[in-house]
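Coordinate analysis (summary)
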Amino acid sequence: MALYNSYTAERIIRSFGIHPSDFQFKTKSYDLLYNELVRITGKELPWGMFTGVRPVKFIRENRGIISEYRIHEDKLALTEEIIAVQELEIPDNMFNLYIGIPFCPSRCKYCSFVSEAVSKSHRLVSEYIDCLLQELRLISKSRSKPYTIYIGGGTPTAIPIKEQQRIYETIRECFDLSGVMEYTVEAGRPETLSDEVLSVIKQAGATRISINPQSMNDDTLRLIGRGHTVHDVMNAYEAAGRYGFCINMDLISGLPNDDIGDSLERVIKMNPENITVHSLAKKRGAGMTVQACEDDLTAEAYNILKKAGYFPYYLYRLRECVGDNIGYSREKEHIGLYNVQVMDRSNDVIAAGCNGASLVGGVKHYNFKYPYEYVARFSEVIGKWEGLCYTQ
């Protein structure tokens, strides 16, 4: 099996017409199957028989039965370390607001997210923002006090500056920002960060931005279709530092021609408050044909970052991916609060824009996936919100 992980066992179980939840991962049959897969492949899985996206939440809530999942001690220790820094006291009536901007300068070859190239979507951008602002106004009529705000994508800073300003102005007009503890703008592509853009983000009240090199190797950046160089990353970081943002930087382990250790060391020298290390996953919607990395580089990244004074604060897993996706921080006051909230699912998340996934009172609500569909069927989006009763 080219990529054997805990999801492989789940697929085999399902092939017999049995849902894994029927087993509760405790029956002798499941245990025997896992043992047989270990025998055939010669591999003991780090996460054992656990297949969920959110191991931290699961382990926190199910400590009494964790031994039955045969999770390795190093993964349990990592999880407990993360749990120790995730305790948050959130006032009543607060929620987390996500705003999706599905546009980028270009599409990276590893990416399967919903996004359109700005250069080919001028008219769609304007129409999309018109609808998005209507949705935000409607949401604010019943939920107006966000705890965190996260403007993600895509690359929100890739759209015209006037459209960015419209979003920030609507947020300021519609929502009570007095209780906002974190306001993030995902400025992932460094070539989009001019002084004008940074100034507008700062004036909007944002406190945190992401500048995501993914690799600090120019050859790798070229291979994955990024439109910038390592020098651009360093210039963008220096410019953002002048505005006093808390800065997160993303890297992806397992990219072609990249040495995650070298990329990490170069980013660490820049001294951002947060560093997030993702593991390359094989995704059907991505343009890159390389296989997902067969080596779990999670431990290597962890050791490098711990030595540099960073600690892990959130973690999630993906299918078709050997390693984990982990966010690190230098100080507890700089942990990404939105990331913790989304992974923990203990408080409401309301998502505006296409592909938005809201969680309200434990119930999920989804927006249309693609921007053109979101615009064309926007009356249905409005109808959904009008049909939901969100009380403060």
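Up top is the structure these notes are about.
Structural notes, computed from the coordinates. What you are looking at is a predicted structure, and each value in this text was computed from that prediction instead of being measured.

The subject of this paragraph is the overall build of the chain. Counting its secondary structure elements, the chain contains 15 helices and 13 strands. Evaluated residue by residue, the chain yields a buried proportion of 55% over its 392 residues. Partitioning the intrachain contacts of the chain with sequence separation of at least 6 by distance along the chain shows that 72% fall at a separation of at least 24. Carbon together with sulfur atoms contributes 50% to the accessible area of the chain, which is approximately 17,200 Å² in total.

This part is about helix 8 (residues 195-204). Regarding helix 8, the residues found buried are Val197, Leu198, Val200, Ile201 and Ala204. Mapping the buried residues of helix 8 onto a view down its axis gives an arc of 160°, with all of them on the same face. Along helix 8, the residues that are exposed and aim more than 90 degrees away from the buried face are Glu196 and Gln203. If you follow the buried residues of helix 8, they end up packed against helix 7 (161-174), strand 5 (182-186), strand 6 (208-210) and helix 10 (230-241).

Mapped onto the elements, serine 199 comes out in helix 8. Serine 199 sits in the partly exposed class, given a relative accessible area of 22%. A C-alpha to C-alpha distance of 7.6 Å links serine 199 and tyrosine 243, two positions 44 residues apart in sequence.

Bringing the nonpolar core into the picture now. Grouped together as the largest cluster of nonpolar side chains are 95 residues, with contacts concentrated most on Leu132, Ile151, Tyr183 and Ile209. Not counting the four nearest positions on each side in its chain, isoleucine 209 is found in contact with Val185, Leu193, Leu198, Ile201, Ala240, Phe245, Cys246, Ile247 and Asn248. Val85, Tyr316, Ile335 and Leu337 belong to the second largest nonpolar core, which has twelve residues in total.

Here helix 13 (residues 337-344) lies mainly inside the structure; seven of its eight residues are buried. Taken residue by residue, helix 13 has Leu337, Tyr338, Asn339, Val340, Gln341, Met343 and Asp344 as its buried positions. In the stretch just after helix 13, arginine 345 is the one whose phi turns positive, near 55°.

With that out of the way, let us pick up the environment of aspartate 31. Mapped onto the elements, aspartate 31 comes out in helix 3 (residues 28-41). Between the C-alpha atom of aspartate 31 and that of glutamate 68, which follows or precedes it by 37 residues, the distance is 8.9 Å. Sequence-distant contacts of aspartate 31, that is, excluding residues within four places in its chain, are made with Met49 and Arg70.

The step from glycine 153 to glycine 154 runs through a cis peptide bond, and the omega angle for that step is 15°. You can see glycine 154 is positioned in the loop between strand 4 (146-153) and helix 7. A positive phi angle, close to 55°, is found at arginine 70, a residue other than glycine. Tracing the chain through its elements places arginine 70 in the loop between helix 4 (55-61) and helix 5 (73-83).

It is worth spelling out the packing of helix 7 against helix 8 at this point. Between helix 7 and helix 8, the least distance of the axes is 10 Å, while the angle of their chain directions is 5°. In terms of axis orientation, helix 7 runs roughly parallel to helix 8. Across the interface between the two elements, Ile161, Gln164, Gln165, Tyr168 and Arg172 of helix 7 pack against Glu196, Val197, Val200, Ile201, Gln203 and Ala204 of helix 8.

Another point: the packing of aromatic side chains. As enumerated under the stated definition, the model contains 13 aromatic pairs in all. Ring geometry for tyrosine 98 and tyrosine 150: centres 6.0 Å apart, planes at 15°, overall stacked. Taken together, the residues tyrosine 98 in strand 1 (residues 95-101) and tyrosine 150 in strand 4 connect sequence positions 52 residues apart. Tyrosine 98 gets classed as buried once you look at its relative accessible area, which sits at 18%. Here a set of aromatic residues connected by ring pairs shows up, and it is made of Trp47, Phe50, Phe58 and Tyr69. Above the face of the phenylalanine 245 ring, lysine 202 is positioned so that its terminal group lies 5.3 Å from the ring centre.

Our next topic: a negative patch on the surface. Among the surface-exposed residues, Asp259, Asp262, Glu265 and Glu300 lie close enough to one another that they form a single negatively charged patch. Position of aspartate 262 relative to the elements: it lies in helix 11 (residues 260-270).

So, about the side chain of asparagine 96. In this structure, asparagine 96 sits in strand 1. A distance of 3.3 Å separates the side chain of asparagine 96 from the side chain of glutamine 341, its partner in a polar contact. Leaving out residues up to four positions away in the same chain, asparagine 96 has contacts with Tyr147, Thr148, Tyr338, Gln341, Asn347, Asp348, Val349 and Ile350.

What counts and how
Just so you know, the residues in each chain are numbered from 1, in the order the chain's sequence is written. Only residues with pLDDT of 70 or above have their local features reported here, since the model is predicted, and side-chain atom pairs are shown and tallied only from 80 upward, although totals for entire chains, interfaces and linings are computed over all residues. The basis for the side-chain values is all heavy atoms of the structure; hydrogens and waters are excluded. Going along the chain from the N terminus, every DSSP run of H or I of four or more residues is numbered as a helix, and every run of E of two or more is numbered as a strand. Exposure classes here rest on a 1.4 Å probe applied to the protein chains alone. A residue is buried below 20% of its type maximum, exposed above 50%, and partly exposed in between. We call two residues in contact when some of their heavy atoms are within 4.5 Å. A 1.4 Å probe and the Shrake-Rupley method give the accessible areas. Residues count as covered only by the protein chains that appear here. As used here, the arc belongs to the directions running from the helix axis to the C-beta atoms. What is meant by a nonpolar core is a set of buried Ala, Val, Leu, Ile, Met, Phe, Trp, Tyr and Cys residues, joined one to another through side-chain atoms within 4.5 Å. Note on geometry: axes are lines fitted to C-alpha atoms, helical ones only across the stretch in contact, with angles between N-to-C directions running from 0 to 180 degrees. Angular relationships are summarised with four words: roughly parallel below 35 degrees, roughly antiparallel beyond 145, roughly perpendicular across 65 to 115, and oblique for the angles in between. Ring geometry is summarised as follows: Phe, Tyr and Trp rings, the Trp one being its six-membered ring, pair when their centres sit within 6.5 Å, and such pairs are stacked at plane angles under 30 degrees, edge-to-face over 60 and tilted between the two. Lysine and arginine charges are scored as sitting over a ring when NZ or CZ, respectively, is within 6 Å of the ring centre and within 35 degrees of the ring normal. Only residues above 30% relative accessible area that lack a salt bridge enter a patch, with like-charged residues linked at up to 9 Å and the nonpolar side chains Val, Leu, Ile, Met, Phe, Trp and Tyr linked at up to 5 Å. Any Lys or Arg side-chain nitrogen found within 4 Å of a carboxyl oxygen on Asp or Glu counts as a salt bridge. When charges are tallied, Lys and Arg are placed among the positive residues and Asp and Glu among the negative ones, while His and the ends of the chain are skipped. Just so you know, the charge point we use is NZ for Lys, CZ for Arg, CG for Asp and CD for Glu. Polar contacts, as used here, are pairs of N or O atoms within 3.5 Å; protein pairs need one atom able to donate a hydrogen and one able to accept it. Residues neighboring in sequence count only if both atoms are side-chain atoms.

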